[in-house]
Amino acid sequence: MIGILLFLMISVSVAYSAATGSTTAVSNAIVSCGGDAVSLAITLAGGMAVWGGIMKIAEKSGLTEKLTALLRPALKLIFRGLKKDSAALKAIAMNVSANLLGLGNAATPLGIEAMKRLEEEERPEAEATPNMVKLAVINACSAELIPTTVAVMRAKAGSAAPMEILPCVLAVSFASLVVALIAAEIGFMGKKR
Amino acid sequence: MNISSAILPALVLGVFLYGVFKKVDVFAAFTEGAKENLKIAIGLLPTLVFLSLGVGTLRASGALEALSRLASPITEFLGFPAECFSLAILRPISGSGALAILENILEDCGPDSFAGRVASVLMGSTETTFYTIAVYFGATKIKKTRHALGSALAGDISAFILSALAVRLFLGR
């Protein structure tokens, strides 16, 4: 899918530049885009390394586990109908806390684990259960507490205060997550759960 | 001193203090985490190069600007900066593509401009929706995902509208 998207982007660019006479700019872009991507990746790598280091300390000291325990009661309100000692709920709590801490690459395997546990516990046939839909929706609406990647990019571009966007990011993430969850709930109204 | 700039230092200090208190070897832990993430960042590079080619040519040809102009009646109505329209479209489809576009916006408009701030907020508060839904259900035998994608996209659209609103509210123009 991404291949087709890029094919479209490149064909549109070339056709558009041929029509408007901006071919010089496009050939310059082709020459320099690789270098741009490498310098972007190096900047991001630095920021990601620092965050990964800090979060590893949080993980080893048991801080992430504490957050998981803190989240469980709240998550019970969203994911209903699960047993008290549900392994799925535990996996969901771990997935959500990894997301909150910005551990995207730890969050995905945990989320997939949670999805599989839900499948075992709820035994759907071919159709997703409400809890499965909600888990996917929560993960598709990022709920990151500290937007580190964006802050690193803002710092690189010379921002006076790269982290000033934090309150906005928190407010918008939370609001859009609520909208998405409400949309999910509305979709299940009047249908078999 | 404003509060949002104090959150990160306080959080970092808290993590280190708790680590030392719990007798974690902070040096070993930090370097292990840093090494893991460095590998991930380098793994990101090939995709980023490809997407940078697509986004770079699209911008240089002027097609991206034309697209933003085309959408300007909608974006103006929502009070959303036209420069960020392409980011809003690409964000749910491709994470690396969105990174490449965000970098362009930050360079062209400046990170502390209205468009730069809105783009940053939009990037920080949304995810690669299509990819996430595909990966999560791909791990199961589920064929019908019901309205999972629709609900997640409703979240994306509200983030799109709210990011401009939040920047105005918290940071002014």
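Computed from a predicted structure; not experimentally measured.

Novice: So what exactly am I meant to see when it comes to the confidence of the model for chain B here?
Specialist: Residues shown with low pLDDT carry predicted positions that ought not to be read at fine detail. On average, residues of chain B score 90 in pLDDT, and 97% of them are at 70 or above. Least confident of the elements in chain B is helix 1 (residues 3-21) of chain B, whose mean pLDDT is 87; most confident is helix 7 (residues 114-125) of chain B, at 95.

Novice: Honestly, the pattern of salt bridges in this entry has me stumped. Any pointers?
Specialist: It is possible for side chains of opposite charge to pair when their charged atoms get near one another. Enumeration over the complete set of coordinates arrives at 15 salt bridges over all chains. For Arg117(A), the salt bridge identified is with Glu120(A), shortest N-O distance 3.6 Å. Of this pair, Arg117(A) and Glu120(A) both sit in helix 5 (residues 104-122), three residues apart, roughly one helical turn. A residue is classified by how much of its surface remains accessible, and Glu120(A), at 49% relative accessible area, is partly exposed. Via salt bridges that share partners, Lys56(A), Glu59(A), Lys60(A), Glu32(B) and Glu36(B) belong to a single interconnected network.

Novice: What should I look at first to understand the packing of helix 2 (residues 26-61) of chain B against helix 6 (residues 95-109) of chain B in this one?
Specialist: A packed helix pair is summarised by two numbers, namely the angle formed by the two axes and the spacing between the axes. Residue and element names in this part refer to chain B. The geometry of helix 2 relative to helix 6 is characterised by a closest axis approach of 8 Å and an angle of 50° between their N-to-C directions. What the angle tells us is that helix 2 and helix 6 run oblique. When the axes of helix 2 and helix 6 are compared, the crossing they make is right-handed. Along the contact surface, helix 2 presents Leu44, Thr47, Leu48, Leu51, Ser52, Val55 and Arg59, while helix 6 presents Ser96, Gly97, Leu99, Ala100, Ile101, Asn104 and Asp108. The class makeup of the residues in the contact of helix 2 with helix 6 is seven nonpolar, five polar and two charged.

Novice: Any chance you could explain the packing of aromatic side chains here in plain terms?
Specialist: Aromatic ring pairs are defined here through the distance separating the ring centres and the angle between the ring planes. Residue and element names in this part refer to chain B. Overall, the coordinates contain three aromatic pairs over all chains when judged by the stated rule. For the ring pair Tyr18 and Phe21, a centre distance of 6.4 Å and an interplane angle of 50° mean the geometry is tilted. Of the two residues, Tyr18 and Phe21 are both situated in helix 1; the distance of three residues between them amounts to about one turn of the helix. Residue classification places Phe21 among the exposed positions, given a relative accessible area of 62%.

Novice: Is there a simple way to explain helix 9 (residues 148-171) of chain B in this structure?
Specialist: For an α-helix the count is 3.6 residues per turn, leaving residues at separations of three or four pointing the same way. With 24 residues, helix 9 of chain B extends 33 Å between its outermost C-alpha atoms, agreeing within 8% with the 34 Å of an ideal straight helix rising 1.5 Å per residue. Leu162(B) marks where helix 9 of chain B bends most, by close to 30°. Looking only at helix 9 of chain B, the buried set comprises Ala148(B), Ser151(B), Ala152(B), Gly155(B), Asp156(B), Ser158(B), Ala159(B), Phe160(B), Ser163(B), Ala164(B), Ala166(B) and Val167(B). Buried-residue contacts for helix 9 of chain B involve helix 6 (130-140) and helix 8 (166-188) of chain A together with helix 4 (72-78), helix 5 (85-90), helix 7 and helix 8 (129-138) of chain B. Directly beyond the C-terminal end of helix 9 of chain B, a positive phi value near 70° is found at Gly172(B).

Novice: Any chance you could explain the side chain of Ser125(B) here in plain terms?
Specialist: Topologically, Ser125(B) is positioned in helix 7. At 2.7 Å, the side chain of Ser125(B) and the backbone oxygen of Val121(B) are in polar contact. What Ser125(B) contacts, discounting residues up to four positions off in sequence, is Ser142(A), Val169(A), Val172(A), Ser173(A) and Ser176(A).

Novice: Just checking my understanding: could you explain the packing of helix 6 of chain A against helix 9 of chain B for this structure?
Specialist: Here helix 6 of chain A crosses helix 9 of chain B at 30°, and the two axes come no closer than 9 Å. In terms of axis orientation, helix 6 of chain A runs roughly parallel to helix 9 of chain B. Crossing hand, helix 6 of chain A versus helix 9 of chain B: right-handed. Only Ala148(B), Ser151(B), Ala152(B) and Asp156(B) of helix 9 of chain B make contact with helix 6 of chain A, whose side of the interface consists of Val133(A), Val137(A) and Ala140(A). By residue class, the composition of the contact of helix 6 of chain A with helix 9 of chain B is five nonpolar, one polar and one charged.

What counts and what doesn't
- Residues numbered from 1 in each chain as written.
- Chains lettered and ligands numbered in written order.
- Predicted model: local features only at pLDDT ≥ 70, side-chain atom pairs only at ≥ 80, totals over all residues.
- Heavy atoms only, no water.
- pLDDT = per-residue confidence, 0-100.
- Helix = DSSP H or I, 4+ residues; strand = E, 2+ residues; numbered from the N terminus.
- Salt bridge = Lys/Arg side-chain N within 4 Å of Asp/Glu carboxyl O.
- Buried < 20%, exposed > 50% of the residue type's maximum accessible area, 1.4 Å probe, protein only.
- Axes fitted to C-alpha atoms, helices over the stretch in contact; angles between N-to-C directions.
- Parallel < 35°, antiparallel > 145°, perpendicular 65-115°, else oblique.
- Left-handed = near helix turned anticlockwise from the far one by under 90°.
- Contact = heavy atoms within 4.5 Å.
- Nonpolar A, V, L, I, M, F, W, Y, C, P; charged D, E, K, R; others polar.
- Phe/Tyr/Trp six-rings, centres within 6.5 Å; stacked < 30°, edge-to-face > 60°.
- Expected span 1.5 Å × (residues − 1).
- Bend = angle between axes of the 7 residues up to and from the residue.
- Polar contact = N/O pair within 3.5 Å; in protein donor to acceptor, adjacent residues only side chain to side chain.

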